[in-house]
Every structure is written in C-alpha cells, then in structure tokens.
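In case you want the letters, here they are:
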Amino acid sequence: MAELSEELANLPLYENWSGVFAFACHRSRDLVFPHHLHSEMEVVLVEKGEIALQSGEASCLMRPGDCAVIFPGQIHSYETQGPSSLLLALCPVEMSGDFRRVLLRQAPVSPLIRERELHRDVSYAMRGLREIYSQDGSLPAARAFVQLILARTLPCLELVDNTHRPPADLTTRIVEWVAEHYAGPVSLDILSEQLQVSKYQISRVFGEKLRTSLSDYVNQLRIDHARELLRGTEEDVLAVSRACGYENPRTFNREFKKLCGCTPREYRRKHTVCGRERQAASAAPEHEEG
C-alpha cells in the first residue's frame, strides 16, 4: 500500500468496518464525528488541539498527550474544539491476544487516560502501528503493538462487567440501523416501522441522547463518506453524491458546503493538490548543510 497522505479521509467509522487490511491507523485532523459504534477496538492519541469525546455517559475534553480506548460496541462521538491532530487506530479484537476476554466482557467507566498517567510505550506503539499501516507491513508486528497498548492502558482504566447488560437499548438500535442504511432513504416514518417504536420515542432519542436531529445526523454521516470518496477515489462528483444517498446534486452541494465550507469540487481540488505537494516534498532528496 502506498504511503498515506496526512490528510487521508477518515475511515467510515460509523460502519462495522471490515476491509482488506486487518486494522487501520492514520492521522486525522480536526476530527468531528457523530455518535457511532463498531465491533473493533479504537484507540485515539491527541497530538495537538482539544477534542470533546463522549462515550456512553462519560464526556471529557481531550488535550495533547491524552489517550482514549474505546471498547467494541460502545457508542461514542468526537468534536474538535478548533484545529487539532490525532492518531487513530481501529483494531479488531482478534489482534488483542490475551486481552480479548477483557474487551468483550468489560467496559471502561471512562475511556480517557490523561497524559500524566499514560506510559510512553503507548505513543511509541501508536506511531509503530501507523508506520506499518502506511507501508503495508508486518501484521504480527502490528498485533504486538496493539497488545503493548492494551498492556499499558487497561491498568489505567476503571472497568466494569458488562456480561449481564440488558439487550441493546433504543439509542444503540437507532445508531446501528442508520449506520447500515444512511445511503438510502431515512426518515422518522421508516425508522419507526423498522424498529417498531413510535416516532416520538425516536425523536426523543435524537434530542436528548444524540443532541441533534435525524436529518442533521444522517447528513453528517453522508458528508463524511463523501469526503472519503472525494479524497480516495476518482469517482465524479455526481457519482459520489448518489453513493452517499443524495439523488439531487444541488442538495448534496448545499449540505457539503454547509458542513465543509466549500463545494465538493473545491474540496477535492484542495486535498488532491495538498497530497501531491506532500508526496513531492517527501520524495525530494535531502541536502546536507555545511
């Protein structure tokens, strides 16, 4: 796999991700992502800036050097407070070795570990994971890094048993359904029919738990997917809009500009140029001074 751009679009973390590579680790800038969940473990290490993290009932503001470990199946969201940069790793539980049982049977009261409590091995392992992922390197080495991260972070977390947790609540059911169907028609009527609950209950979940509206939530997921396609593929803008659930290109352009501050074409042009400039800079020979 070719060296990844620093501006690589976020993986579609709101889906139960499964791809060619057994894990993903990349640098994300100015991360904003609505409530989502997936079957993989997620580790975030803040490099600069501040990022508001909500995981379950826990809310916190992450600062440089802070780390968060999101267990599988935990609903969480991110919102950058100004410019930020972080390393984000998404790893199947199969990579966790002897820690697999903990990941599946317990959950942290809060996923946050402050910089002062974090062992330096964690930042070393995160950088190692990113290097392996960007160069299509050794999967056994990646597993070793994942297990090192868990060995250094789990003792810092207050864990509670979740083996007797009740069936998925309505919030989880809504997030899971929308994650799988956001590219198609989504409405209160459709959700009500599919989940067999009233529209009032669904609206209440969005207002009280997710703190957004259904339309804004779906648009955020669609536009995040569109950014990934615009950066990572050569599909034309019309094809991208349709792949993300927009039948009307004008609606796509309007929603994209509202969330990203520019049109889809401007976004692609900007990030394509930036990516080429970085690749050229990294390929340029270094000259010794003196």
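Residues numbered from 1 in each chain as written. Predicted model: local features only at pLDDT ≥ 70, side-chain atom pairs only at ≥ 80, totals over all residues. Heavy atoms only, no water.

Student: Any chance you could break down the side chain of Gln 220 for me, citing the residues and the numbers?
Tutor: On the secondary structure map, Gln 220 appears in helix 7 (residues 214–232). Sequence-distant contacts of Gln 220, that is, excluding residues within four places in its chain, are made with Val 32, Pro 34 and Leu 259. (Helix = DSSP H or I, 4+ residues; strand = E, 2+ residues; numbered from the N terminus. Contact = heavy atoms within 4.5 Å.)

Student: Let's hear about the pattern of salt bridges: which residues, and what values?
Tutor: One pass over the full model with this rule turns up 9 salt bridges. In this structure, Glu 50 engages Arg 63 in a salt bridge whose closest nitrogen and oxygen atoms are separated by 3.4 Å. Pair noted here: Glu 50 is in the loop between strand 3 (41–48) and strand 4 (51–55) and Arg 63 is in the loop between strand 5 (58–62) and strand 6 (67–70), with a separation of 13 residues, a long-range link. Residue Glu 50 is classed as partly exposed on the basis of its relative accessible area, which comes to 29%. Judged by its relative accessible area of 37%, Arg 63 is partly exposed. Each of Arg 254, Glu 255 and Lys 258 takes part in a single network of salt bridges with overlapping partners. (Salt bridge = Lys/Arg side-chain N within 4 Å of Asp/Glu carboxyl O. Buried < 20%, exposed > 50% of the residue type's maximum accessible area, 1.4 Å probe, protein only.)

Student: Account for the nonpolar core, naming residues and giving values.
Tutor: Residues Met 62, Tyr 78, Ile 174, Val 178, Leu 191 and Phe 206 are the most contacted members of the largest nonpolar core, which totals 34 residues. Here this core takes 5 residues from helix 4 (residues 170–181), the largest share from any one element. Residues Val 69, Ala 89, Ile 113 and Leu 157 belong to the second largest nonpolar core, which totals 30 residues. (Core = buried A, V, L, I, M, F, W, Y, C linked by side-chain atoms within 4.5 Å.)

Student: Quick rundown of helix 3 (residues 139–153)? Include the residues and the values.
Tutor: Its 15 residues give helix 3 an end-to-end C-alpha distance of 21 Å, which sits within 8% of 21 Å, the value for a rise of 1.5 Å per residue. The set of residues buried in helix 3 consists of Ala 142, Phe 145, Val 146, Ile 149, Leu 150 and Thr 153. Projected down its long axis, helix 3 carries its buried residues within an arc of 135 degrees, all on one side. Tucked inside the fold, the buried residues of helix 3 contact strand 3, strand 6, strand 8 (85–91), helix 1 (100–105), strand 10 (112–113) and helix 2 (120–135). For helix 3, the N-terminal capping position is held by Ser 138, with its side-chain oxygen 3.2 Å away from the main-chain nitrogen of Ala 141. (Expected span 1.5 Å × (residues − 1). Arc of directions from axis to C-beta. Polar contact = N/O pair within 3.5 Å; in protein donor to acceptor, adjacent residues only side chain to side chain.)

Student: Requested: an account of the packing of aromatic side chains, with residues and values cited.
Tutor: Going through the model one piece at a time under the given rule, you end up with 6 aromatic pairs. Relative to Phe 252, the ring of Tyr 246 lies with its centre 5.4 Å away and its plane at 40 degrees, an arrangement referred to as tilted. Taken as a pair, Tyr 246 and Phe 252 share a single burial class, namely buried. For the pair Phe 256 and Tyr 267, a centre-to-centre distance of 5.4 Å together with 75 degrees between the ring planes defines the contact as edge-to-face. One end of the pair, Phe 256, is in helix 9 (residues 249–260); the other, Tyr 267, is in helix 10 (residues 264–283), with 11 residues separating them in the sequence. Note on Phe 256: relative accessible area 0%, which makes it buried. Tyr 267 gets classed as buried once you look at its relative accessible area, which sits at 5%. An aromatic cluster is present here, built from Tyr 246, Phe 252, Phe 256 and Tyr 267 joined pairwise through their rings. (Phe/Tyr/Trp six-rings, centres within 6.5 Å; stacked < 30°, edge-to-face > 60°.)

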